Amino acid sequence: MMDYPLCNQTVTVYRKVGEEIHRYEYPDCHLQKKVVLVRDDLGTFLKWEFLLIVPDDRQVMAGDRVVEGRGKVVRSWQELNGAMSVAYAKPYILDGKIVHWEAGS
């Protein structure tokens, strides 16, 4: 098993499966957030971006929503104010086993 000294945060991952929203609480993760300046045809605005590292084989998928800490049980996406949407997720594999997942915006 690899050592992840920065993975000391808890996150809650929400995944829509059919009409239900499943909730997964993952301790010992690393969540890094930052604000970036975006310029496009409509002007300039600020946008949150994030990077999430989840050790072991605890899966994160594109389309999931993530909140810091222990999130509440919800029945709809609208209840997840401030949740971050996962745009990409990929596993990192060593010796044929998933050692961690990286996900972000």
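Reference entry: report on the structure contained in this document. Everything numeric here is computed off the predicted structure, so don't read it as measured data.

**Structural notes on the state of the cysteines**
Link 1 in the chain: Throughout the structure, instances matching the rule amount to 0 disulfides.
Link 2 in the chain: Free cysteine Cys29: the closest other cysteine sulfur is in Cys7, separated by 6.5 Å.

**Side note on the packing of aromatic side chains**
Link 1 in the chain: Under the definition given, this model contains 1 aromatic pair.
Link 2 in the chain: Between Tyr24 and Tyr26, the aromatic rings sit 6.3 Å apart at their centres with planes inclined by 25°, giving stacked as the arrangement.
Link 3 in the chain: If you follow Lys33 out to its NZ or CZ, it ends over the ring of Trp48, 5.2 Å from the centre.
Link 4 in the chain: Arg65 extends its terminal NZ or CZ atom over the ring of Trp77, reaching a point 4.3 Å from the ring centre.

**Concerning unusual backbone geometry**
Link 1 in the chain: Positive phi, normally seen in glycine, also occurs at Asp28, with a value near 60°.
Link 2 in the chain: In this structure, Asp56 is a non-glycine residue whose phi angle is positive, near 70°.
Link 3 in the chain: Relative to the helices and strands, Asp56 is located in the loop between β3 (43-55) and β4 (65-68).
Link 4 in the chain: Asp56 gets classed as partly exposed once you look at its relative accessible area, which sits at 31%.

Cut-offs applied
- Residues numbered from 1 in each chain as written.
- Predicted model: local features only at pLDDT ≥ 70, side-chain atom pairs only at ≥ 80, totals over all residues.
- Heavy atoms only, no water.
- Disulfide = S-S within 2.5 Å.
- Phe/Tyr/Trp six-rings, centres within 6.5 Å; stacked < 30°, edge-to-face > 60°.
- Lys NZ or Arg CZ within 6 Å of the ring centre and 35° of its normal.
- Helix = DSSP H or I, 4+ residues; strand = E, 2+ residues; numbered from the N terminus.
- Buried < 20%, exposed > 50% of the residue type's maximum accessible area, 1.4 Å probe, protein only.

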